[in-house]
Amino acid sequence: MAPLTPVRPWSITLRLVLCLALCLLLVEVLLQALLPEMALAPVWGGLLRLLAVLPLFAWCARRALAPVRWLEGALRSADAQEAPQPVPAELQPLSDAVHGVLARQREATEQQRRFLADASHQLRTPFAVLRTQLQGTMSGQLEVKDTLPKMLATVDRSSELVRQLLSLAKVEQLVANGHWKEVDLEAVAREVCLEFGPLLARKQLDFSFEAVPVRLTTDPWMLGELLRNLLSNAIHHAPRGSALGMVVRVLPDQAELLVWDNGGGIDAAVMDRLFEPFQSAAGGTGIGLGLSICRQIAESMHAKVQLFNRVLEDRVVGVDAVVRWDLAPAGETGRPHA
């Protein structure tokens, strides 16, 4: 495609008005000079003026509308990835909107590409480890009784990652569909806590639960998935026999969900990055998607999820995972109300 010449940002309306005025003036001058008697005739004069003005105005209108064709060509070409060139005032909002959509599309595509690359790497690694363990066991180089627990841990790790990938896909589908209904946050939190009862007992955790009724307009499965991921993450980092809890409360202008543990703190430098896929508290890459899913679910409910180090006597003792909703009138999607 030939290089496009940027147009000057003249108004298309002004171009058309000037073209029409010039055409009328030109036709009138020619008629008065060449056919003065016919120009004065009401019927023939009007017909001649019409027949003369139409082709001239069509040519001028084509020239006046050249910026529209230029903008179409720019959007079809690779130049659409660059900053938009100056366009007429009437086309500026359209140009800005289209380039904004293209920019968001490119960003989403790049994020999806990175996510798929990370996911494929995270899935490939445990299967490679599992294959090595199987080969070592079959050849007799590894003891069966020592290797089987390691293989089980590898399978559990892979299964959890697959579950989280499916969960992330379901969250995206539910957010796109937007079929919300009223849900009791306290009831969902209580069900999730009961669901995790065996795991809490296995680690001998001293669990506490405090909640007040809070109504949300959202998807019940997504709300439950938010709580499951936060509680699962807290249980994973909590030392055996330590304290852990969940709190649902209403503040003066917000509703709050708090999941706390005594598993030590998180480096402040990596705390925000933990909400990105495949990030770990150690600062490297991990297999977790839980906090990334939590952020996506919270944003769909107009909420904000954050992590805070809890300090006791000048010492970091644990982490608070906090989700907050601004109080809003009843019926507003995803926001708590009385």
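Residues numbered from 1 in each chain as written. Predicted model: local features only at pLDDT ≥ 70, side-chain atom pairs only at ≥ 80, totals over all residues. Heavy atoms only, no water.

**With respect to the nonpolar core**
Piece 1. In this structure, Leu223, Leu226, Leu227, Leu230, Leu307 and Trp325 are the most contacted members of the largest nonpolar core, which totals 47 residues.
Piece 2. Every residue in contact with leucine 230, bar those within four places of it in the chain, is listed here: Leu257, Val259, Leu291, Cys294, Ala321 and Val323. (Core = buried A, V, L, I, M, F, W, Y, C linked by side-chain atoms within 4.5 Å. Buried < 20%, exposed > 50% of the residue type's maximum accessible area, 1.4 Å probe, protein only. Contact = heavy atoms within 4.5 Å.)

**Notes on the confidence of the model for the protein chain**
Piece 1. Taken as a whole, the protein chain shows an average pLDDT of 75; of its residues, 69% reach a score of 70 or greater.
Piece 2. Low pLDDT, under 50, characterises residues 1-9; the predicted model gives this stretch 17 contacts beyond four residues in sequence or across chains.
Piece 3. A low-confidence stretch, residues 330-334 stays under pLDDT 50, and its non-local contacts, those more than four residues away or across chains, total eleven contacts. (pLDDT = per-residue confidence, 0-100.)

**A short note on unusual backbone geometry**
Piece 1. One non-glycine residue, glutamine 204, adopts positive backbone phi at about 55 degrees.
Piece 2. Position of glutamine 204 among the secondary structure elements: in the loop between α8 (197-202) and β2 (206-211).
Piece 3. Positive phi is not limited to glycine here, since aspartate 314 has a value of about 65 degrees.
Piece 4. On the secondary structure map, aspartate 314 appears in the loop between β6 (303-312) and β7 (315-326).
Piece 5. In this structure aspartate 314 comes out as exposed when scored by relative accessible area, which is 81%. (Helix = DSSP H or I, 4+ residues; strand = E, 2+ residues; numbered from the N terminus.)

**Brief notes about the side chain of threonine 137**
Piece 1. Position of threonine 137 relative to the elements: it lies in helix α5 (residues 92-139).
Piece 2. Of note is the side chain of threonine 137, whose polar atom sits 2.8 Å from the backbone oxygen of glutamine 133.
Piece 3. With near-sequence residues (within four places) excluded, threonine 137 lies in contact with Leu142, Val144, Thr147 and Met151. (Polar contact = N/O pair within 3.5 Å; in protein donor to acceptor, adjacent residues only side chain to side chain.)

**Describing helix α6 (residues 144-177)**
Piece 1. Across its 34 residues, α6 extends 49 Å between first and last C-alpha, which sits within 8% of the 50 Å expected from 1.5 Å per residue.
Piece 2. Within the span of α6, buried status applies to Thr147, Met151, Thr154, Ser158, Leu161, Gln164, Leu165, Ser167, Leu168, Val171 and Leu174. (Expected span 1.5 Å × (residues − 1).)

**Considering helix α11 (residues 290-300)**
Piece 1. α11 sits mainly inside the fold: eight of its eleven residues count as buried.
Piece 2. Taken residue by residue, α11 has Gly290, Leu291, Ser292, Ile293, Cys294, Ile297, Ala298 and Ser300 as its buried positions.
Piece 3. Of the surrounding secondary structure, the elements contacted by the buried residues of α11 are α6, α9 (220-237) and β6.
Piece 4. Positive phi appears at histidine 302, one or two residues downstream of α11, with a value of about 60 degrees.

**Focus on a nonpolar patch on the surface**
Piece 1. Taken together, the side chains of Val212, Val250 and Leu327 define a hydrophobic patch exposed on the protein surface, amounting to about 220 Å² of accessible area.
Piece 2. Among the secondary structure elements, valine 250 is positioned in strand β4 (residues 243-250).
Piece 3. You can call valine 250 partly exposed: its relative accessible area is 46%. (Patch = residues over 30% accessible without salt bridge, like charges linked within 9 Å, V, L, I, M, F, W, Y side chains within 5 Å. Areas by Shrake-Rupley, 256 points an atom, 1.4 Å probe, with all protein chains shown as cover. Salt bridge = Lys/Arg side-chain N within 4 Å of Asp/Glu carboxyl O.)

**Considering the pairing of β4**
Within a regular beta strand, the side chains point alternately toward one face of the sheet and then the other, so they alternate between its two faces.
Piece 1. Summarising the sheet, β2 and β4 pair through six bridges and their orientation is parallel. Among the inter-strand pairings, serine 208 is bridged to a residue of β4, identified as glycine 245.
Piece 2. Here β4 pairs with strand β5 (residues 254-261) via seven bridges, running antiparallel. Within β5, the residue paired with valine 250 across the bridge is alanine 255.
Piece 3. Hairpin connection from β4 to β5: three residues lie between these consecutive antiparallel strands. (Pairing = 2+ DSSP bridges.)

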